[in-house]
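Structure at a glance
Each chain is listed here by its residues.
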Amino acid sequence: MSGWRPIKSAPVDGTILLLGWWREWPKTEWVMEVSMAGNVDNPFIHPGSGHLHGQATHWMPLPDPPE
């Protein structure tokens, strides 16, 4: 399966993912960030958030690196 997936379906094992969400301020735009899935024993994450970035609504796996 390719394309964006709901954040609730993201792995929570520390896998590096591409995260995305719509930001409303200062302008409405689609924002993407590479980050780890899961709270990965990070004390700064709200318990049960399911992902490191609290605003992410979607995720997709990173492509394989070039050879």
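Within each chain, residues carry numbers counting from 1 in the order of the written sequence. Only residues with pLDDT of 70 or above have their local features reported here, since the model is predicted, and side-chain atom pairs are shown and tallied only from 80 upward, although totals for entire chains, interfaces and linings are computed over all residues. Each side-chain value is derived from all of the structure's non-hydrogen atoms; neither hydrogens nor water enter the calculation.

1. Notes on a nonpolar patch on the surface
A patch is a set of surface residues, each over 30% in relative accessible area and not in a salt bridge, joined within 9 Å for like charges and within 5 Å for the nonpolar side chains Val, Leu, Ile, Met, Phe, Trp and Tyr. Residue burial considers only the protein chains on display, and all accessible areas are found by Shrake-Rupley using a 1.4 Å probe. By salt bridge we mean one thing: a side-chain nitrogen of Lys or Arg within 4 Å of a carboxyl oxygen of Asp or Glu. On the surface, Ile-16, Val-34, Met-36 and Leu-62 cluster together into a nonpolar patch covering about 310 Å² of accessible area. Turning to its location among the elements, Val-34 is positioned in strand β3 (residues 29–36). Helix and strand assignments come from DSSP, with helices taken as H or I runs of at least 4 residues and strands as E runs of at least 2, each series counted from the N terminus.

2. As for the side chain of Arg-5
Looking at the element boundaries, Arg-5 is found in strand β1 (residues 5–6). For Arg-5, a relative accessible area of 14% corresponds to the buried category. Any pair of residues with heavy atoms lying within 4.5 Å of one another is described as a contacting pair. Beyond its immediate stretch of four places on either side in the chain, Arg-5 contacts Thr-57, His-58, Trp-59 and Pro-61. Remark: exposure states derive from per-residue accessible area (1.4 Å probe, protein chains only) relative to the maximum for the residue type, with buried under 20%, exposed over 50%, and partly exposed in between.

3. A few points about the pattern of salt bridges
Once the charged atoms of two side chains with opposite charge are near each other, the side chains can pair. Across all of its chains, the model carries one salt bridge by this definition. A salt bridge links Arg-23 to Glu-29, with the shortest nitrogen-to-oxygen separation between them at 2.5 Å. Looking at Arg-23, the relative accessible area reads 32%, which means it is partly exposed. Residue class for Glu-29 comes out partly exposed when judged on its relative accessible area of 23%.

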